[in-house]
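# Structural description and commentary
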2 protein chains.
Amino acid sequence: MKIALDAMGGDFAPLAVVNGAILAASEVEPNTQIILIGQEEVVKPLLEQKVNLPDNLEFMHAPEAIGMAEHPLKAFTQKKYSSISVGYSLLKDKKVEAFCSAGNTGAMLIGAVYSIKLEGLSRPAIMSYVPKTKGGHAIMLDVGANTDCKPETLQQFGEIGSVFFRQLYQIEKPRVALISVGEEEEKGNLASQTAYKLMKENSRINFVGNIEGRDLFKDIADVYVCDGFVGNIIIKMAESYYEILKKKNFTDPFFDNFNFELIGGSPVLGIDGTVIIGHGISNPQAIKSMVLLAQRMVKADIQSKIKEVL
Amino acid sequence: MKIALDAMGGDFAPLAVVNGAILAASEVEPNTQIILIGQEEVVKPLLEQKVNLPDNLEFMHAPEAIGMAEHPLKAFTQKKYSSISVGYSLLKDKKVEAFCSAGNTGAMLIGAVYSIKLEGLSRPAIMSYVPKTKGGHAIMLDVGANTDCKPETLQQFGEIGSVFFRQLYQIEKPRVALISVGEEEEKGNLASQTAYKLMKENSRINFVGNIEGRDLFKDIADVYVCDGFVGNIIIKMAESYYEILKKKNFTDPFFDNFNFELIGGSPVLGIDGTVIIGHGISNPQAIKSMVLLAQRMVKADIQSKIKEVL
């Protein structure tokens, strides 16, 4: 297995990525190769400082880099030799099984849609974990790729989220819920009300109805569906709670589950390849977790199962 | 000042409301009268058990009651003599200055729109408090009255929220922010992107741009604007955090601010009268807080200032 990793992505790149890659290289399975993509002049010196570089870590030069604040579409289409573009080329040509980056989220999404879009899926989604108070977690999608979603798109998120959950956790019929403002079918906004009707009739998902904001951490469902506007606000709000509690020195197993360093990143689901977008502030620990998550996803064969369903 | 209070509203009504009304009666200003509206056969016996009923608490009979789970529109239009209908009649006829209920939220909203809608405002909004980590709080609207909002409606929420904040806290130019998924103007869903443009040009509000989910508890703005779908999910999620932390015995001044018992309820803004909707699970303490909030709002003359602005 080969996993490409964007050395130029993230607020602390390339150093944090290089160090994270080295951590990951010693923890991945023996046959897994990590390909670090970046600008030779800045990444190579960092690698050369290290003694005993792992054998399963190789470097690939990409002459350009996309900045965190650059306009995603412009940057991706104009910088054809950026580390993000090179990563997607490798993925498209099946030279790697996965591509991870803590870089420009917009450019990563544009790259996914341009390079490895799946037939039959209206839009890919970004997925995130939502811990449960009783242990374990649900997954939520979309958390930021699509701010306005048609009901059919929300339904598809339920389908692809189900595949992810089934493949990764061996649960035959993951429970799918629609995030809304009341449990009743007629509660919600126009898109979610119509999505409810579609999902109720959809035999490919085990739809359990609406879930409210107050129940997100309960064990009511496994897959939460919402548009990327709502999902992004929820995830960022959860992140702020984690930060506030950390500052107040309150540690607790439930809240520790919100630690992005351990989660590693957010998979992009509904594309022809495994892609994970890391947090902009990723440190080496977070980079390592991202690579390990990519490895698990490839092993669970999630993307090809999603292809089958669509 | 006269404040009407729905004795039949809430999961623990009428007992919790009767007890809350008695608590409130001893804390309101001397010239404030509380009018408890409910079914004589159930409320009167509770009042008769009390010794030394406060003079400023009077009872008014309403032969019908709207249940918490009843269909709001049907219930409000068919039960013309329910406590909610009677409360709105009093408010419409200016026999009371405020009406409070912890009852059926939908019926309370329908009642507001049917009885005391304001000319020039597309839709009233439900407002909620959002505590800040450094102390104090912002207000957020809408948190549940309108699941789909036009950009113009979002803009109006910014205007009426500004009036509320200015009147209640003597801040000349409250900072207004739009809840979104990024700080930049072009971030957001279709409605919020257009609302951004409108609000930026609106001289009646001090617009400070978008605010993300991770910044809601920071001191970036005073008035948060969003549609009722997003706002409801945020508020209920915040409530669940409060509950989880309470269960874990973590007490902290910041998190205590999320205690609905102390807040009392959510004002409905943009109607011709002061209306507060309490939490369904309101206990006597919450009922008391709701009445005291109504008193503050009437004294600050918020509704007529909103009328002026529109």
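Preceding block: the structure.
So, here is what we can say about the structure in this document. A quick note: this is a predicted structure, and the numbers were derived from the prediction, not measured.

Thresholds, definitions, all that
- Residues numbered from 1 in each chain as written.
- Chains lettered and ligands numbered in written order.
- Predicted model: local features only at pLDDT ≥ 70, side-chain atom pairs only at ≥ 80, totals over all residues.
- Heavy atoms only, no water.
- Pairing = 2+ DSSP bridges.
- Helix = DSSP H or I, 4+ residues; strand = E, 2+ residues; numbered from the N terminus.
- Axes fitted to C-alpha atoms, helices over the stretch in contact; angles between N-to-C directions.
- Contact = heavy atoms within 4.5 Å.
- Buried area = accessible area lost by both parts, 1.4 Å probe.
- Salt bridge = Lys/Arg side-chain N within 4 Å of Asp/Glu carboxyl O.
- 1 Å grid on protein atoms, 1.4 Å probe; cavity = no way out; pocket = protein on both sides within 12 Å on 5 of 7 lines; lining within 4 Å.
- Points joined across faces, edges and corners; volume = space filled by probe spheres on them.
- Nonpolar A, V, L, I, M, F, W, Y, C, P; charged D, E, K, R; others polar.
- Least-squares fit on C-alpha atoms with pLDDT ≥ 70 in both.
- Core = buried A, V, L, I, M, F, W, Y, C linked by side-chain atoms within 4.5 Å.
- Buried < 20%, exposed > 50% of the residue type's maximum accessible area, 1.4 Å probe, protein only.
- Polar contact = N/O pair within 3.5 Å; in protein donor to acceptor, adjacent residues only side chain to side chain.
- Left-handed = near helix turned anticlockwise from the far one by under 90°.

## Structural notes on the sheet that holds strand 8 (residues 206-211) of chain A
Residue and element names in this part refer to chain A. Taken together, the 11 strands give an open sheet; going across it, the order is 3-2-1-4-11-10-5-6-9-7-8, and neighbouring strands pair in mixed fashion. Two strands close off the open sheet at either side, each with one partner strand: strand 3 (57-61) and strand 8. Within the sheet, the average angular offset between the axes of one strand and its neighbour, ignoring direction, is 30°. Summarising the sheet, strand 10 (residues 266-269) and strand 11 (residues 274-277) pair through three bridges and their orientation is antiparallel.

## Thoughts on the interface of chain B and chain A
In this complex, chain B contributes 35 residues to the contact, which on the side of chain A involves 35 residues. With both chains or domains summed, chain B and chain A bury close to 3400 Å², and 72% of this area falls on carbon and sulfur atoms. Looking only at chain B, the three residues that lose the most surface to chain A are Phe229, Met237 and Tyr241 of chain B, adding up to 20% of its buried area. Where glutamate 212 of chain A meets lysine 236 of chain B, a salt bridge forms, and the shortest distance between an N and an O atom there is 2.2 Å.

## Brief notes about empty space enclosed by the protein
The final tally for this structure, using the stated rule, is one cavity of 30 Å³ or more. Of the voids in this model, the largest cavity is the one considered here, and its volume is about 50 Å³. Contributing to the lining of the largest cavity are Leu154, Leu178, Ile179, Asn189, Ala191, Ser192, Val225, Cys226 and Asp227 of chain A together with Phe229 of chain B. For the lining of the largest cavity, the elements supplying multiple residues, two or more each, are strand 7 (175-179) and helix 7 (190-201) of chain A. Split into classes, the residues belonging to the lining of the largest cavity amount to seven nonpolar, two polar and one charged.

## As for the relation of the copies chain B and chain A
Superposition of chain B onto chain A requires a rotation of 180° combined with a translation of 0.0 Å along the rotation axis, giving an RMSD of 0.0 Å. Taken together, the rotation and translation describe the operation of a two-fold axis. Of the C-alpha atoms belonging to chain B, the one lying closest to the rotation axis is found on valine 230 of chain B, 3.1 Å away. Same-surface contact between copies: 100% of interface residues of chain B are shared with the interface of chain A.

## Concerning the nonpolar core
Ranked by internal contacts, the top residues of the largest apolar core, which has 106 residues, are Tyr88, Ile179 and Tyr224 of chain A together with Tyr88, Ile179 and Tyr224 of chain B. With sequence-adjacent residues up to four places away left out, isoleucine 179 of chain A is seen in contact with Met140, Ile211, Leu216, Tyr224, Val225, Cys226, Val230 and Ile234 of chain A together with Phe229 and Ile233 of chain B.

## Considering the side chain of serine 180 of chain A
Relative to the helices and strands, serine 180 of chain A resides in the loop between strand 7 and helix 7. For serine 180 of chain A, a relative accessible area of 0% corresponds to the buried category. Within the local environment of serine 180 of chain A, its side chain forms a polar contact with the backbone oxygen of lysine 187 of chain A, the two atoms lying 3.5 Å apart. Leave out the neighbours within four places in its chain, and serine 180 of chain A touches Lys187, Gly188, Ser192, Asn210, Ile211, Glu212 and Gly213 of chain A together with Phe229 and Ile233 of chain B.

## Digging into the packing of helix 4 (residues 83-92) of chain A against helix 5 (residues 105-116) of chain A
All names here are of chain A. Following both chains from N to C, one finds helix 4 and helix 5 inclined at 30°, their axes separated by 10 Å at the closest point. Where helix 4 crosses over helix 5, the handedness of that crossing is right-handed. Contact residues: Ile84, Tyr88, Leu91 and Lys92 in helix 4; Ala107, Met108, Gly111, Ala112, Ser115 and Ile116 in helix 5. Classifying every residue of the contact of helix 4 with helix 5 gives seven nonpolar, two polar and one charged.

## Regarding the environment of aspartate 272 of chain B
Residue and element names in this part refer to chain B. Looking at the element boundaries, aspartate 272 is found in the loop between strand 10 (266-269) and strand 11 (274-277). For the pair aspartate 272 and lysine 117, spaced 155 residues apart in the sequence, the C-alpha separation amounts to 6.1 Å. Non-local contacts of aspartate 272, meaning those with residues more than four positions away in its chain, are made with Lys94, Ile116, Leu118 and Lys307. Within the structure, the side chain of aspartate 272 is placed 3.5 Å from the side chain of lysine 94, a separation counted as a polar contact. Separated by 3.1 Å, the side chains of aspartate 272 and lysine 307 make a polar contact.

So yeah, pure geometry; function would need other evidence.
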